[in-house]
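Structural description and commentary
Chain by chain, the residues:
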Amino acid sequence: MIHEMKLNEKPFYNIAKGIKKIELRLFDEKRAKINLNDYIVFKNTTDLSQTIKVKVVGLLRYNTFEDLFKDVDYNICGPANSLSEKLINIHKIYSEEEEKKYGILAIHIEKV
């Protein structure tokens, strides 16, 4: 199956450069449909004609982003100067209420 998702410019280019190897999302209805070996086409939100196709090579679920970062180096989910900075940036996108409601999905990806 092929899924489509939008990404802000910085994470989009971090995937393109091979820096970002895990995409983080809430485990909502849409993300619950993602399976191993599926593909995701990411579209750059600043230019939707720019796309990157990746293969899903791993899926991990967590209750919170903080739980996730106890297992996974936060820098492979997109670079940050510290864990606290990473959590602050993530909570600008996903509220703590959404995090508690849905939980977290860490999608391990490889460019194709």
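Look a little higher up for the structure.
Everything numeric here is computed off the predicted structure, so don't read it as measured data. (Residues numbered from 1 in each chain as written. Predicted model: local features only at pLDDT ≥ 70, side-chain atom pairs only at ≥ 80, totals over all residues. Heavy atoms only, no water.)

1. A short note on the environment of lysine 43
Threshold: Put simply, DSSP marks the helices as runs of H or I at least four residues long and the strands as runs of E at least two long, and each gets a number from the N terminus on. Using a 1.4 Å probe on the protein chains alone, a residue whose accessible area is under 20% of its type maximum counts as buried, one over 50% counts as exposed, and one in between counts as partly exposed. The criterion used for residue contact is that any of the two residues' heavy atoms lie within 4.5 Å. Under this definition, polar contacts are N or O atom pairs within 3.5 Å; protein pairs additionally need one hydrogen-donor-capable and one acceptor-capable atom, and for neighbouring residues in sequence, both atoms have to be side-chain atoms.
Looking at the secondary structure, you find lysine 43 in strand β3 (residues 39-44). For lysine 43, a relative accessible area of 24% corresponds to the partly exposed category. Along the primary structure lysine 43 and isoleucine 107 are separated by 64 residues, whereas in three dimensions their C-alpha atoms are 16 Å apart. Beyond its immediate sequence surroundings of up to four residues, lysine 43 is in contact with Glu4, Met5, Lys6, Leu7, Phe12, Leu48, Gln50 and Thr51. Only 3.5 Å separates the side chain of lysine 43 from the side chain of glutamate 4, close enough to count as a polar contact.

2. Some points on the environment of aspartate 28
Counting through the fold element by element, aspartate 28 comes out in the loop between β2 (22-26) and β3. Classification of aspartate 28 by relative accessible area gives buried; the value is 18%.

3. Here we look at the side chain of histidine 3
Tracing the backbone through its elements, the reader meets histidine 3 in strand β1 (residues 2-7). Among the residues examined, histidine 3 registers a relative accessible area of 10% and is labelled buried. Of the polar contacts made by the side chain of histidine 3, one reaches the side chain of aspartate 38; its length is 2.8 Å. With sequence-adjacent residues up to four places away left out, histidine 3 is seen in contact with Lys33, Ile34, Asp38, Tyr39, Ile40 and Val41.

4. Some points on helix α3 (residues 83-93)
In plain terms, the rule: Regarding the arc, it is the one traced by the directions from the helix axis to the C-beta atoms.
Three or more residues of α3 are buried, namely Lys86, Leu87 and Ile90. One side of α3 carries all its buried residues, which in axial view fall inside an arc of 95°. The outward face of α3, more than 90 degrees from its buried face, is lined by the exposed residues Ile88 and Lys92. Buried residues belonging to α3 abut β2 and α2 (65-71).

5. Let's talk about the sheet that holds β2
Heads up, the rule is: Any two strands between which DSSP finds at least two bridges are classified as paired. Angles here are taken between N-to-C directions and fall from 0 to 180 degrees, while the axes themselves are lines fitted to C-alpha atoms, restricted in helices to the stretch in contact.
With respect to topology, five strands assemble into an open sheet ordered β1-β3-β4-β5-β2, the strand pairing being mixed. At either end of the open sheet lies a strand with only one pairing partner, and these are β1 and β2. Sheet twist, expressed as the mean angle between neighbouring strand axes with direction ignored, is 40°. Taken together, the six bridges between β3 and strand β4 (residues 47-62) define a ladder with antiparallel strand orientation. Bridge pairing in β4 places asparagine 44 opposite aspartate 47. Of the strands in this sheet, β1, β3, β4 and β5 (104-111) touch helix α1 (residues 9-16), which is tilted by about 75° from β4.

6. Thoughts on the pairing of β4
A loop of two residues connects β3 with β4, the two strands running antiparallel in sequence. With eight bridges connecting them, β4 and β5 associate as antiparallel partners. Each residue of the ladder has a partner; that of tyrosine 62, found in β5, is isoleucine 104.

7. Considerations on the pattern of salt bridges
Side chains carrying opposite charge are able to pair once their charged atoms draw close together. Applied cut-off: We define a salt bridge as a contact between a side-chain nitrogen of Lys or Arg and a carboxyl oxygen of Asp or Glu at a distance within 4 Å.
The tally for this structure, following the rule as stated, stands at five salt bridges. With its nearest N and O atoms 3.1 Å apart, the salt bridge here joins aspartate 28 to arginine 31. What makes arginine 31 buried here is its relative accessible area of 11%. A salt bridge links lysine 70 to aspartate 67; the nearest nitrogen and oxygen atoms lie 4.0 Å apart.

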